[in-house]
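Structural description and commentary
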Amino acid sequence: MNTKLLSGSLLPAVLLTTSLSSCTKQPVVPKQMNIIHIMTDDHAFQAISAYGHPLSQLAPTPNIDRLAQRGVLFRNAYVENSLSTPSRACLLTGLYSHQNGQTMLDNVLDTSVTFVPELLQEAGYQTGMIGKWHMLCEPRGFDEYKIFRNQGEYYNPGIKTADTNGEYVPEEGYATDLVTKHAIDFLEKRDPNKPFCLYVHHKAPHRNWMPDIKYLDLYEDIDFPVPSTFYDDYNHRGCAAKQQRMSIDKDMSMIFDLKLYGYDGSECKENLDPYGEDMLQRMTKEQREAWDAAYAKKNAWMLANIDKMSHEEIVRWKFQRYVKDYLRVIKSVDDSVGEILDYLEKNNLMDNTIIVYTSDQGFYMGEHGWFDKRFMYEESFRTPLIISYPGMKGGVESTTLVQNIDFAPTYLAAAGIEKPANMSGLSLIPVLQNNGQRPADWREYLYYHFYDHTAEHNVMRHDGVFNLRYKYIHFYDETGKEPGYDEFFDLQEDPSEMYNAINDVRYKEKVEELRKQLDKMRTDLKVEEF
Ligand code: SGN
Ligand code: CA
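Residues numbered from 1 in each chain as written. Chains lettered and ligands numbered in written order. Predicted model: local features only at pLDDT ≥ 70, side-chain atom pairs only at ≥ 80, totals over all residues. Heavy atoms only, no water.

Let us look at the site of ligand 1. Taken together, 19 residues lie around ligand 1, and Ser84, Asp372, Arg374, Glu456 and His457 are the ones closest in. Separating an oxygen atom of ligand 1 from a side-chain N or O atom of Asp42 is a distance of 3.1 Å. Contacts to ligand 1 include Asp372, whose side-chain N or O atom sits 2.7 Å from an oxygen atom. When its residues are assigned to classes, the shell around ligand 1 shows four nonpolar, six polar and nine charged. (Near = heavy atom within 4 Å. Polar contact = N/O pair within 3.5 Å; in protein donor to acceptor, adjacent residues only side chain to side chain. Nonpolar A, V, L, I, M, F, W, Y, C, P; charged D, E, K, R; others polar.)

Encoded structure:
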């Protein structure tokens, strides 16, 4: 393993506890910061009030905002492959999908690759993984893990630990609360003389957005604003945007997704979706009764009126039901962040802990008519990122271009471990120490690659580059025999990415510049076409 503690001279001043002038023969020991990585699954930045989006203003997240008040809110944080297991593999290895092997949702990464928590353990850290693991390999590098089965279950989820003989044992409770409880348990039981790194990974707010019983009626009377691109006809982009199957109108199901139990109309062929039924059958009698009663009450008007409604009215109802359940699920996540922050404050851990709040990728809240993610278009490619860093003033925003390949180098730097040569990411510590400002030698471009074109939601394989203003995307022909096609966007002129400007003469030079950059990044990163 390529681990080496940094020599004192390379360490930022904040990492040093022992002054060189102490003249003892002892080696300089870096102060190793604690790390808490809180990661939700599919949390749109549009649903965090600190980001200011109209949706979140009607359903605020005061505790996540509290973290932003202590730290840096990143406006330009992106992922390298907008899907769960690739994003998790990137976090764990610091490598791009094609380097760690986790290119798609359901393949297994190269298990010979080192995991960051293994390096942290070697450097004396206690490590923990709580909640959604999702990887198709066993956890490695954790002193303690309590993980969900596959995507995880909202109610009474199965949980596997080192002591459950490979079984997932159901634990009564709501997934978000259980993750919080086990995270705090880890903190309580740890050895206070050692640094720790704790991954707190929620199932929430992943599909099918099942709120906690206590929040089933929250936001019921609010009419959430429909995004301006909701009725996008995709006429000014290539076929990928047209052929996706992630439309609220066409692909969101009445029963599984929208919980209109009792509806047996033609839009409901998946009525008996076993996954949805499995999720309900996991509930205790009391949970199920409360759930059924709440949805029966909410659904009564819709069931009585749906046959008389226009298609557009039904789609609007779908949007409201989707967004409300999603934001209810987020409410529990926000409570969880509050509990963790309270614990850290009460136990004097704020001043030596990096606290990160992020999602495994972004998500569509109706923009372009969509839910889900996968695309290199903004709402999916961009992910929320808020980091509180010891000693900083807080309450600042950063426009620095960052990506999930940066987590691993940041955590290694926080532990005083030299970054392995195969990691392309950059430590965010210089950005954090400088109140979010972009360091002079920072990157200009990001590389993105989505591979899982055969899977659910039918998003074509694509890769591309982005430099904060311009975005160049190449969509691959699925047979690998045709050249595919390209898209180009000027985010300043067209922030909603409605017009493919690849053939617009005004951008001729810029298009060429980004095309070259894409070729260069593919070559430098050794990305194979197929
Ligand atoms: C499930 C969901 C999809 C979702 C993928 C990946 N379908 O398959 O809608 O895109 O997960 O999500 S569901 O009917 O099973 O909910 S990811 O966040 O894990 O990448
Ligand atoms: Ca996800």
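So much for the structure itself; the text now carries on.
Another aspect to go through is the nonpolar core. If you look at the biggest cluster of nonpolar residues, it comprises 74 residues, and the most contacted ones within it are Tyr322, Tyr326, Leu327, Leu344, Tyr357 and Ile386. Every element with two or more residues in this core is listed here: strand E1 (34-40), helix H2 (62-70), helix H6 (175-189), strand E8 (196-201), helix H9 (274-281), helix H10 (285-305), helix H11 (311-346) and strand E9 (353-359). Setting aside its immediate chain neighbours within four residues, Tyr322 contacts Trp209, Ile248, Met252, Leu258, Phe363, Tyr364, Met365, Gly366 and Phe371. Among the nonpolar cores identified, the runner-up in size contains 49 residues, and Leu95, Val113, Ile147 and Val396 belong to it. (Core = buried A, V, L, I, M, F, W, Y, C linked by side-chain atoms within 4.5 Å. Buried < 20%, exposed > 50% of the residue type's maximum accessible area, 1.4 Å probe, protein only. Helix = DSSP H or I, 4+ residues; strand = E, 2+ residues; numbered from the N terminus. Contact = heavy atoms within 4.5 Å.)

Okay, the sheet that holds strand E10 (residues 385-388) next. Pairing is mixed across the open sheet formed by ten strands, whose spatial order is E7-E6-E5-E4-E8-E1-E9-E10-E2-E11. The strands lining the two open edges of the sheet, one partner per strand, are strand E7 (169-170) and strand E11 (396-398). As judged from the three bridges shared by strand E5 (residues 144-148) and strand E6 (residues 158-161), these two strands associate in the antiparallel manner. When the sheet's bridge partners are listed, Ile147 is paired in E6 with Lys160. Of the strands in this sheet, strand E2 (72-74), E9, E10 and E11 touch H2, which is tilted by about 55 degrees from E10. (Pairing = 2+ DSSP bridges. Axes fitted to C-alpha atoms, helices over the stretch in contact; angles between N-to-C directions.)

Running from amino to carboxyl end, H6 crosses H11 at an angle of 15 degrees, the nearest separation of the two axes being 9 Å. By the angle class used here, H6 and H11 are roughly parallel. H11 is crossed by H6, and the crossing has right-handed handedness. Mapping the contact onto sequence places Thr176, Thr180, Ala183, Ile184, Leu187 and Glu188 in H6 and Ser332, Val333, Ser336, Glu339, Ile340, Tyr343 and Leu344 in H11. Of the residues in the contact of H6 with H11, the class split is seven nonpolar, four polar and two charged. (Parallel < 35°, antiparallel > 145°, perpendicular 65-115°, else oblique. Left-handed = near helix turned anticlockwise from the far one by under 90°.)

Relative to the elements of secondary structure, Glu289 occurs in helix H10. On the basis of relative accessibility, which here comes to 45%, the residue Glu289 falls in the partly exposed class.

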